[in-house]
Protein chains: 2
Amino acid sequence: MRGSYYTFYQKASNAFRDHLTFSKILVVCTISGGGLVAYSDVRPFNNVYADAAQATIKKKKVVVLGTGWAGTSFLKNLKDPSLDVQVVSPCNYFAFTPLLPSVTVGTVEARSVVEPIRNIVKKKDFDVRFKEAECFKIDTVNQKVHCKSIQNTNVDGNQEFTVDYDYLVIAMGARANTFNTPGVVENAHFLKEVEDALRIRRSIIDCFERASLPSVSEDEKKRILHFVVVGGGPTGVEFAAELHDFLLEDLVKLYPDLEKYTTITLLEAGDHILSMFDKRITDFAEEKFKRDGINVKTGSMVVKVSDKSISLKERSTGETKDLPYGMVVWSTGIGTRPVVMDFMKQIGQGNRRVMATDEWLRVEGVPNVYALGDCATINQRKVMEDISAIFSKADKNKSGKLNVGDFAEVINDIIERYPQVELHLKSKKLKNFVELLQSNQDDAAKKATQLDIEKFKKALSEVDTKMKSLPPTAQVAAQQGEYLAKCFNRMKECEENPEGPIRFRDSGRHHFKPFRYKHLGQFAPLGGEQTAAQLPGDWVSMGYGAQWLWYSVYASKLVSWRTRILVIGDWGRRFIFGRDSSKI
Amino acid sequence: MRGSYYTFYQKASNAFRDHLTFSKILVVCTISGGGLVAYSDVRPFNNVYADAAQATIKKKKVVVLGTGWAGTSFLKNLKDPSLDVQVVSPCNYFAFTPLLPSVTVGTVEARSVVEPIRNIVKKKDFDVRFKEAECFKIDTVNQKVHCKSIQNTNVDGNQEFTVDYDYLVIAMGARANTFNTPGVVENAHFLKEVEDALRIRRSIIDCFERASLPSVSEDEKKRILHFVVVGGGPTGVEFAAELHDFLLEDLVKLYPDLEKYTTITLLEAGDHILSMFDKRITDFAEEKFKRDGINVKTGSMVVKVSDKSISLKERSTGETKDLPYGMVVWSTGIGTRPVVMDFMKQIGQGNRRVMATDEWLRVEGVPNVYALGDCATINQRKVMEDISAIFSKADKNKSGKLNVGDFAEVINDIIERYPQVELHLKSKKLKNFVELLQSNQDDAAKKATQLDIEKFKKALSEVDTKMKSLPPTAQVAAQQGEYLAKCFNRMKECEENPEGPIRFRDSGRHHFKPFRYKHLGQFAPLGGEQTAAQLPGDWVSMGYGAQWLWYSVYASKLVSWRTRILVIGDWGRRFIFGRDSSKI
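From a predicted model like this one, the values you see are computed outputs, not experimental measurements. (Residues numbered from 1 in each chain as written. Chains lettered and ligands numbered in written order. Predicted model: local features only at pLDDT ≥ 70, side-chain atom pairs only at ≥ 80, totals over all residues. Heavy atoms only, no water.)

**A word on the interface of chain B and chain A**
To keep it simple, the criterion reads: Between two residues, a contact is recorded if the distance between any of their heavy atoms is within 4.5 Å. Once two parts are brought into contact, the accessible area they lose, counted with a 1.4 Å probe and summed over both, makes up the buried area. Criterion for a salt bridge: a side-chain nitrogen of Lys or Arg within 4 Å of a carboxyl oxygen of Asp or Glu. Counting of polar contacts relies on pairs of N or O atoms within 3.5 Å, with two restrictions inside protein: one atom must be capable of donating a hydrogen and the other of accepting it, and residues adjacent in sequence are counted only when both atoms are side-chain atoms.
The interface is formed by 60 residues belonging to chain B together with 60 residues belonging to chain A. Taken together, both faces of the contact between chain B and chain A bury some 5,400 Å²; the carbon and sulfur share is 54%. At the junction of chain B with chain A, the criterion picks out ten salt bridges. Between D580 of chain A and R111 of chain B there is a salt bridge whose closest N-O contact spans 2.9 Å. On the surface where chain B and chain A come into contact, there are 23 residue pairs in polar contact (both at pLDDT 80 or more).

In structure tokens form, the structure reads like this:
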């Protein structure tokens, strides 16, 4: 495959050298298409001609940082054979992270949820090279990323190298957020990577083996077998549920004397667990955990984690108390990675908590750099910022007054450019934009067929309150990766026939439609073959049926047939033989 | 199960307290049976009565150190419900070690070849308690073993405790033998434990990822991708073959640019690899490795291993040269563990290299302590040591002359007590013991119907040359474990009706037949779906057929249905999807 492609490429580039005119035309298309999409204002047309000669032998270099959901989804959907793609990541595999809580207790094996990234990209009909290394610096001036090997073996670790890019796709994900709570990094387990899950698995068995020793007192047994989960989000809840199943279904049979010492506590600083879900789900989950004997403790913040106890502060009373524990898993949300933080300072985003991109996933303030997934958020443009520009675009005859009819041409562009408008229409149960313009107005204005700028502003004043940032989920990251890949695939096409909305502040249209997230629903597995599912259209399902939906959705979403068969095999094995408790 | 047993036991011991006479009788049987088997001379009959009152509530404590082949086989076969068994081992699982070379490259997953020891023993109808700890001292005076936890977590590692024993079964296995070669421990991988196999797997992928980095020179790539195996025994050869298959079938597809840099070298100090096998197998293996491009380098000793190169000394010329490498696996045989070495000093075996037991697996010089598997060898009694005793037992009328007919009664005992006799008969193609007595004699003596002691000695003079120690294999360890468990199960029975051979130096018979190893054959997988098999009766098979024999034998030998199905599943997965190269 690769061999034959090389041959084709060599033949093609020889053809270019023989017929220089043809070559230039082709290259102009490719480069200007790419450049314009990436950052349409920075690349004067002259440059294109200047680069052309060189570009006959040089493909556009795309560097992807990270092989998580966003990066892998980007790579899988990328099809443009005129690109030279390099991937840099400390993991040489993609991990199906939604199954990590299952990996912590051996319901599913770690190796069943990973797929080597080289396996994923080797089917591409263009060159993708992977480098197992960590990016520690992004240099936008020279368009380079600085990387170093993460290996610490006799193979000389830490050697550094740089990779040049024309386009950079940052998809490095996030780190676990400790909120600077002292002792967390030293004493708690996180649950973000496959290695974390494997460490947790070993640690659970460690606790049980330790509590089996004759030299351990009763109190110490209780402490060692107290498992604490900090954070009542979907990951923390799923982990607590999986752990409960593991204890009940498997460990109790092997360590029957220890059952009475075992407890699980779920700590949540807010008032409820699963607060991002529908209230029915929250209630169901809290009720189920109560029945299962999992202590759910809401309204208390962790202020310190020492090697044997957690200091809790009651939010309502301000009281502090100590909770002895054997193992603690920390799952309270995400924070920005240091290398991304550095990069943000470099590009003038130093005062933000999370890196900002525009609706086309371009990092604000830097040409040719994109950011996907958990490492960035989309900084949505407010309608009110652009309100004058929108008004004047619609007001073609510059009369200072708008007929409702004048909007016909721009309504769709507005809705496409500003997703909050549609959300606002939905929440107010308004049929269309015209109704929106008529809302918030006095009766006289409603009847009037014309609007001035003040009335226009008034009509749209509440729209921006509907803006909300996307959740840091696999679903968002995967959709962003796919979106960006499709933009890259159609660069040339869309440069010629832009398909995006009108540029209200500029002339012309955007080349692409902005990224729009489609929420397909979310699961919260609660253990004991029960799951809560919240699907689009406020459809909520809880119990055994939803668990089977969960099985089928996750099996179908897995990245390859190999992982699919392995995961289904693991599920079957678990039903027949239970989970393995060997400490490896 | 366990609960109901307790109830039975309590009822039974209450019954004993109510009817003290009955209790005493029962306990006498149990204790004297046990004691006599373990060390028949040390326990005067008085003691039995003195201990009886206490023993009504105290079961005999058996402590097993280790959960390898010997220990696990012992536990699986133990059936005597009057025992209180404790198992101490740093691994809470049994590993099917013959598949470890397959685990190093992911042909089989680590978790498929292990079974939690608690799973194995929970089906027992008597109490077996497992402690995950390391024994660091054996105290034969107070009949205690000193243990410490091996955990290094927030669960306070290194806490120490002791376990009392009445019988101690040492089955701790051996450590890898470095022959004190400098740098081996620091730089080489061993292949004895599951963790070793996992480390090797990661290390192979590390080398390939490292060699893919742009900052690595051509020479460095060659070095990094040079895999060296030291030791041409079955393990080293199988690992080299598995590694070759992994490179050829899987890694070459994912790292096509690196194929030309990859080499495998197998170093052997002797003249041939697989020297313990039939010459046909050795030749076949060397020929196959040559065809496969695996460098087999015999006759060179490793004198030093640094972090990047191995110093070799040519045995014939004495020349030394350096061999740069990326990864080295050391598999040159076994040595005694430090704790066993300490124990040997304590019991007067300090000048030996390996701990000695007698033919009943009792450690020489210590009552009630047994040793199985790789941590000990059987120190076989020489016929010539006992020759006068044998002669006088046979010479019933004390005439100083033996009729050949006098032997009828003791021939079988001699053959049973001294396994070398049978081996000698076989090797000399003698039909029976009478023919042996007639061999080595002059014609006059052959015709004579009587032998004096000198002639008797002459007849048996060559017999002891046939003694050979057993190989350190899983097969030997498993048979020893089973043998010892059966002795424990039948202690009472065999004390009453001894079934062993006559005690030539003492009066009476041995309670049990001595341990006798049955060799069932040995495999040497050579890669590419070919295996060499050497079966009893000098039957040798090489090639694809033997590989299928290997598959079926290993699948049938696996410890549980769970592991059996998992391993077969792994083999199937490998055929369909290949081996996984994710670095976890």
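After that view of the structure, there is still more to cover.
**As for the sheet that holds strand β11 (residues 226-230) of chain A**
All names here are of chain A. How we decide: Whether two strands pair depends on DSSP finding at least two bridges between them. Strands are runs of DSSP state E lasting at least two residues, helices are runs of H or I lasting at least four, and both sets are numbered from the N terminus onward. Here an axis means a line fitted to C-alpha atoms, over the contact stretch when the element is a helix, while the angle between two N-to-C directions is reported on a 0 to 180 degree scale.
In spatial order, the strands read β13-β12-β11-β17; together these four strands make up an open sheet with parallel pairing. A strand with exactly one partner marks an edge of an open sheet, and here the two such strands are β13 (295-298) and β17 (327-330). When strand polarity is set aside, the average angle formed by the axes of neighbouring strands in this sheet is 15 degrees. Summarising the sheet, strand β12 (residues 263-268) and β13 pair through four bridges and their orientation is parallel. By the bridge assignment for β13, L266 is matched with V296. The sheet strands contacting helix α10 (residues 234-254) are β11, β12 and β17, and the helix crosses β12 at an angle near 175 degrees.

**With respect to the packing of helix α8 (residues 194-211) of chain B against helix α10 (residues 234-254) of chain B**
Residue and element names in this part refer to chain B. Here is the rule we go by: For classification purposes, angles smaller than 35 degrees are called roughly parallel, those larger than 145 roughly antiparallel, those between 65 and 115 roughly perpendicular, and all remaining angles oblique. Note: crossing handedness is left-handed where the near helix turns anticlockwise from the far helix by less than a right angle, and right-handed where it turns clockwise.
In contact at an axis separation of 13 Å, α8 and α10 are set at 45 degrees when each is read in the N-to-C sense. Classified by the angle between their axes, α8 and α10 sit oblique to one another. The two elements α8 and α10 meet at a crossing, and its hand is right-handed. Note on element contacts: α10 touches α8 through F239, L243, F246, L247 and L251, opposite I200, I204, I205 and F208.

**Some words on the domain arrangement of chain A**
Rule in force here: Bear in mind that the domain bounds are from an automatic or database domain assignment.
Assigned domains of chain A: these are domain 1 (184-335 + 519-577) and domain 2 (384-466). Relative placement of domain 1 of chain A and domain 2 of chain A: their C-alpha centres are 48 Å apart.

**As for the sheet that holds strand β15 (residues 309-314) of chain B**
Strand pairs in the sheet, formed through backbone hydrogen bonds, run parallel or antiparallel to each other. Residues and elements named next belong to chain B. Strand order in this open sheet of three strands is β14-β15-β16, and the pairing throughout is antiparallel. Single-partner strands in this sheet number two, and they are β14 (300-305) and β16 (320-324). Averaged over all neighbouring strand pairs, the angle between strand axes comes to 35 degrees, with direction disregarded. As judged from the five bridges shared by β15 and β16, these two strands associate in the antiparallel manner. Bridge pairing in β16 links K313 to T320.

**Details of the relation of the copies chain B and chain A**
For clarity, the cut-off: Residues reaching a pLDDT of at least 70 in both copies supply the C-alpha atoms on which the copies are superposed by least squares.
The operation relating chain B to chain A is a screw motion whose rotation component is 180 degrees, with 0.0 Å of axial translation and a residual RMSD of 0.0 Å. The superposition of one copy onto the other is thereby described by a two-fold rotation axis. It is G569 of chain B whose C-alpha, among those of chain B, lies nearest the rotation axis, at 4.4 Å. Most of the interface of chain B is mirrored in chain A: 100% of its interface residues are interface residues there too.

**Examining the side chain of S212 of chain B**
Operational definition: Burial classes: relative accessible area under 20% of the type maximum marks a residue as buried, over 50% as exposed, and values in between as partly exposed (1.4 Å probe, protein chains only).
Tracing the sequence through the fold places S212 of chain B in the loop between α8 and α9 (218-224). Taking relative accessible area as the criterion, S212 of chain B reaches 19% and is therefore assigned buried. Of the polar contacts made by the side chain of S212 of chain B, one reaches the backbone oxygen of F208 of chain B; its length is 2.8 Å. Discounting chain neighbours no more than four positions away, the residues touching S212 of chain B are R118 and F130 of chain A together with Y255 and L258 of chain B.

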